[in-house]
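Fold and geometry: a report
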Amino acid sequence: MHILDISIMILYFSVLIIVGVIGSKRAKTADDFIVAGRNLGHFMYLSCLAAVILGGASTLGTAKLGYQFGISGIWLVVMIGLGIIAIGLFLTNKIFNLKVLTISEMLEKRYNSQTRLISALVSVIYTFMLTVTQVIGMGTILHVLAGWNLTVSMIVGGGIVLFYTILGGMWSVTMTDVVQFVIMTIGIFFIMLPMSISKAGGWGSLKENLPASHFELGNIGGETIFQYFLLFTLGVVVGQDIWQRLFTARTKAVSRGGTIGAGLYSVFYAIAISIIGMCAFIILPDLGDPQNAFTSIAMVTLPAGLLGVVIASVVSALMSTASGTLLASSTLVVNDIIKKYIGPKMSERQFLKTSRITTLTIGVLAIIVSIWIQDILVALDVAYAILSGAVFFPIILGFFWKRVTATAAFYSILASMIVIIVGLVINGPSSTQPILYGLATSFVVITAITLLSSNKDHKNESEVKQDIKSKADMDTLAN
């Protein structure tokens, strides 16, 4: 990299650290640290939600798929976008009324404390593995462009995210996400996309030189598209990192409009990155590792200065997701395990201190696991497979089927999680079968136990009202 590009990257990292420090001044309570005081307006909310859902796999992974399969590479991120849009259309009003910090806390209100604990454990695995994917992505970019050792690159990238997340929690994450969202948008849509198409000879050159299959939406295969639906559409609907952003909205209108907007932005992002991958196929037809498609085409296409901006945009996508999932992991551990079972009477000050220590611990572990795995799509598949298969039906049926019992939800999560983990071990992390088996197990168990339970096991209206202790929560969970 040219010295100008390196200078831009250093400047960018410095800005993030400064913004993170500024954000830390606002993190004075648990709500400030975890959900930014539930006070975000339209632009900040949309920015931080779009930033958290578009990370390393969305950028590097989609460019890789675009290189290999053409426009059909959009499906990974499109399925994420569809999941976000579905939340905006059907769930934001219900979620907004909950006034909780985690999905697991909601499940306790709907079911019982055992369901809260097991769902928290499942969600921690999911958010932790998502953090790992982003650290791998940051390490890959810095390794390819700066020529640093891959391990050192992961430590540097992960370390910066860990630093500003510990400082200010969601306020620091939100303020850095706004910067990252702007950089992402400029870098991808206004610099990288048009210059990649120009370098490849224009759209006509793509039509002439790419295989015809690269312009078929189904080229990647129906089975893979269905797998992406199971993993990502269902997964984001019940993801703690997504819900935690939903809790930051100031009003229902902000929550609904911003969520739908972020989902639509994801679809356009998928198209742009896939086309960049297609351009890379023409410009670099003999690329050894397709996972390096984005960074490689950036290096041969962009002049000094612009390269630094675009690389900053990609690093932005990874850092924003990493900070969000890291904070989500910490929140689950502190709110649903430590506070619930070890320190139920902890003060605000103790909660903040415990959150920062837990964030540090999880961040260090994520960097270690990233160095061990080093494959971004493998880590992503494991994360979404466990989440989608294990907790989708207990959460969704908990909203829309009043008769579901706590016992049914608990054993549904437990049984499906075991089935998924065994399936991943036997069939490998890229197989669709473990997710299907997990979803089927979850649905059968929760339905069978609920229907076979006697009426006395079902929470009636007064019992639910007593558990939730608020009219808003009662309306949200029972209607």
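Refer to the structure printed above.
Residues numbered from 1 in each chain as written. Predicted model: local features only at pLDDT ≥ 70, side-chain atom pairs only at ≥ 80, totals over all residues. Heavy atoms only, no water.

1. Remarks on the nonpolar core
The line we're drawing: We call a set of buried residues a nonpolar core when its members are Ala, Val, Leu, Ile, Met, Phe, Trp, Tyr or Cys and they connect through side-chain atoms within 4.5 Å of each other. Relative accessibility under 20% of the residue-type maximum defines a buried residue, over 50% an exposed one, and the middle range a partly exposed one, all with a 1.4 Å probe and only protein chains included. Contacts were defined at the residue level, with two residues in contact if any of their heavy atoms lie within 4.5 Å.
Counting 153 residues, the largest nonpolar core has Leu-49, Ile-53, Trp-243, Phe-294, Met-319 and Ile-395 as the members making the most contacts within it. Every residue in contact with Trp-243, bar those within four places of it in the chain, is listed here: Ile-95, Leu-98, Ile-103, Met-106, Val-237, Val-238, Ile-395 and Phe-399.

2. Quick word on the packing of aromatic side chains
Think of a pair of aromatic rings as described by two things: how far the centres are apart, and how the planes are tilted against each other in angle. Stated formally: Ring geometry is summarised as follows: Phe, Tyr and Trp rings, the Trp one being its six-membered ring, pair when their centres sit within 6.5 Å, and such pairs are stacked at plane angles under 30 degrees, edge-to-face over 60 and tilted between the two. Only runs of H or I of at least four residues qualify as helices and only runs of E of at least two qualify as strands under DSSP, and these elements are numbered from the N terminus.
Inspection of every chain in the model, using the stated rule, returns 16 aromatic pairs. Centre to centre, the rings of Phe-181 and Tyr-265 are 5.0 Å apart; their planes meet at 45°, and the pair counts as tilted. One end of the pair, Phe-181, is in helix H9 (residues 150-199); the other, Tyr-265, is in helix H13 (residues 252-283), with 84 residues separating them in the sequence. In this structure Phe-181 comes out as buried when scored by relative accessible area, which is 9%. Seen in terms of ring centroids, Phe-410 and Tyr-411 are 5.1 Å apart; in terms of plane orientation they differ by 85°. Their pairing is edge-to-face. Using a relative accessible area of 42% as the deciding quantity, one classes Tyr-411 as partly exposed. An aromatic cluster is defined as three or more aromatic residues linked by ring pairs; in this entry it consists of Phe-43, Phe-181, Phe-189, Tyr-265 and Tyr-269.

3. What to know about the packing of helix H1 (residues 3-24) against helix H15 (residues 306-342)
For clarity, the threshold we go by: Only the stretch in contact is used when fitting a helix axis, every axis being a line fitted to C-alpha atoms; angles between N-to-C directions are given from 0 to 180 degrees. Crossing handedness is read from the near helix: turned anticlockwise from the far helix by less than a right angle, it gives a left-handed crossing, and turned clockwise, a right-handed one. Lys, Arg, Asp and Glu make up the charged group, whereas Ala, Val, Leu, Ile, Met, Phe, Trp, Tyr, Cys and Pro make up the nonpolar group; the residues left over, Gly among them, are polar.
Interhelical geometry of H1 versus H15 gives an angle of 35° and a closest axis separation of 8 Å. Seen from above, H1 lies across H15 with right-handed handedness. Each of Asp-5, Ile-8, Met-9, Tyr-12, Phe-13 and Leu-16 in H1 lies in contact with H15, whose residues at this interface are Leu-306, Leu-307, Gly-308, Val-309, Ile-311, Ala-312, Val-315, Ser-316 and Met-319. Per-class residue counts for the contact of H1 with H15 are twelve nonpolar, two polar and one charged.

4. Side note on the pattern of salt bridges
Two side chains of opposite charge can pair, provided their charged atoms sit close to one another. Short version of the rule: The term salt bridge refers to a pairing of a side-chain nitrogen on Lys or Arg with a carboxyl oxygen on Asp or Glu at a separation within 4 Å.
Per the stated rule, a full pass over the model turns up five salt bridges. As a salt-bridge pair, Arg-116 and Glu-108 come within 2.5 Å of each other at their nearest N and O atoms. Owing to a relative accessible area of 7%, Arg-116 belongs among the buried residues under this scheme. Here Arg-245 makes a salt bridge to Asp-177, at a shortest N to O gap of 2.6 Å. A residue pair is termed long-range when its members are at least 10 positions apart, and Arg-245 in helix H12 (residues 240-246) and Asp-177 in helix H9 qualify at 68 residues. Here Arg-245 and Asp-177 have matching classes, each one buried.

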